[in-house]
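Understanding the architecture of this molecule
Listed below are the residues making up each chain.
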Number of protein chains: 2
Amino acid sequence: MFVILVYDVGVKRVNKVLKKCRAYLHWVQNSVLEGDITESNYIKLKAELSKIINTKEDSVVIYTFRLPRYNSRETLGIKKGGEENIF
Amino acid sequence: MFVILVYDVGVKRVNKVLKKCRAYLHWVQNSVLEGDITESNYIKLKAELSKIINTKEDSVVIYTFRLPRYNSRETLGIKKGGEENIF
């Protein structure tokens, strides 16, 4: 399935969260990632993120799509992220 | 069409950008909004945002979908946004 993930977490946890997300998804913008992911990896990612974040302060929103992907992605201003997938 | 918008802009412009976006979309999380929007309002929103942001520093990513909407939206941690649409 296709996933768009947006995180809003405390400064101390940003690096850990981004690193974990990049293991599964492509980085789009500072706090946004996207990508195709298997159901089992999706469950794994959520479990791993839940261990990192402070559930009283942080927020991670995940949109999932069966198909198709989005029709377009437009960026106004600068492009802050990349397309590469470290995994 | 259905839109997911994520902004990452300088502190000085956050309020203006959020206010403008909320005129057209629902606020989901700190920097994320979503909602159904007409093609003409979509063009209007982009034009208005382009006037507010500093295109050398700020970034706004907009995903558009013809249909259907996403299959699920999950939130880990706290829910920072609302569902209300001020417009």
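Every value quoted in this text rests on a predicted model; they were computed, and no experiment measured them. Every chain is numbered on its own, with residues counted from 1 as its sequence reads. For this description, chains carry letters from A and ligands carry numbers from 1, given in the order in which they are written. With the structure being a predicted model, the display of local features is reserved for residues of pLDDT at least 70 and the display and counting of side-chain atom pairs for 80 or more, all residues being used for whole-chain, interface and lining totals. Hydrogens and water molecules were not included; the side-chain quantities draw on all heavy atoms of the structure.

**Details of the environment of B:Tyr7**
Where helices and strands are cited, they refer to DSSP runs of H or I of at least four residues and of E of at least two residues respectively, numbered from the N terminus. By the secondary structure assignment, B:Tyr7 is in strand 1 (residues 2–8). Note: C-alpha distance between B:Tyr7 and B:Cys21 (14 residues apart in sequence) is 9.6 Å. Note on contacts: a residue pair qualifies if any of its non-hydrogen atoms lie within 4.5 Å across the two residues. Excluding its chain neighbours within four sequence positions, the residues that come into contact with B:Tyr7 are A:Gln29, B:Val14, B:Val17, B:Leu18, B:Asn30, B:Ser31, B:Leu33, B:Ser59 and B:Val60.

**Description of helix 2 (residues 39–52) of chain B**
All names here are of chain B. Residue count minus one, scaled by 1.5 Å, sets the expected span of a helix. Over its 14 residues, helix 2 runs 20 Å from end to end, which matches the ideal 20 Å to within 8%, given 1.5 Å per residue. Where helix 2 is concerned, the buried positions are Tyr-42, Leu-45, Lys-46, Leu-49 and Ile-52. All buried residues of helix 2 lie within an arc of 125° about the axis, which places them on one face of the element. Of the exposed residues in helix 2, those oriented more than 90 degrees away from the buried face are Ser-40, Ile-43 and Lys-51. Throughout, exposure labels follow a simple rule: accessible area from a 1.4 Å probe, protein chains only, divided by the maximum for the residue type, with under 20% read as buried, over 50% as exposed, and the rest as partly exposed. Note: the arc covers the axis-to-C-beta directions of the helix.

**Considerations on the relation of the copies chain A and chain B**
The copies are overlaid by a least-squares fit using only the C-alpha atoms of residues whose pLDDT is at least 70 in both copies. Between chain A and chain B, the superposition needs a rotation of 180° and an axial shift of 0.0 Å, giving an RMSD of 0.0 Å. In symmetry terms, the pair is related by a two-fold rotation axis. Within chain A, A:Val6 has its C-alpha nearest the rotation axis, a separation of 4.1 Å. Mapped onto chain B, 100% of the interface residues of chain A again fall at the interface, so both copies present the same surface.

**What about the nonpolar core?**
A general tendency of soluble globular proteins is for nonpolar side chains to be buried together. By nonpolar core we mean a set of buried residues, namely Ala, Val, Leu, Ile, Met, Phe, Trp, Tyr and Cys, connected to one another through side-chain atoms within 4.5 Å. In terms of nonpolar packing, the biggest core is built from 21 residues, with A:Leu5 and A:Val60 touching the most fellow members. Mapped by element, the contributors of at least two residues to this core are strand 1 (2–8), helix 1 (11–22), helix 2 (39–52) and strand 4 (59–65) of chain A. Per element, the largest residue contribution to this core is 4 residues, and it comes from helix 2 of chain A. If you look at the next biggest cluster of nonpolar residues, it comprises 20 residues, including B:Tyr7, B:Val17, B:Leu49 and B:Ile62.

**Focus: the side chain of A:Glu34**
Tracing the chain through its elements places A:Glu34 in strand 3 (residues 32–36). Side-chain atoms alone can form a polar contact between residues adjacent in sequence; in general such a contact is a pair of N or O atoms within 3.5 Å, and within protein one must be able to donate a hydrogen while the other accepts it. Within polar-contact distance, the side chain of A:Glu34 engages the side chain of B:Tyr63 at 2.5 Å.

**As for the UniProt feature "binding site: Mg(2+)" (unreviewed entry) in chain A**
Annotation from UniProt places "binding site: Mg(2+)" (unreviewed entry) at A:Asp8. Counting through the fold element by element, A:Asp8 comes out in strand 1. UniProt positions are given in the numbering used here, feature names are shortened, and annotations may be inferred rather than shown by experiment.

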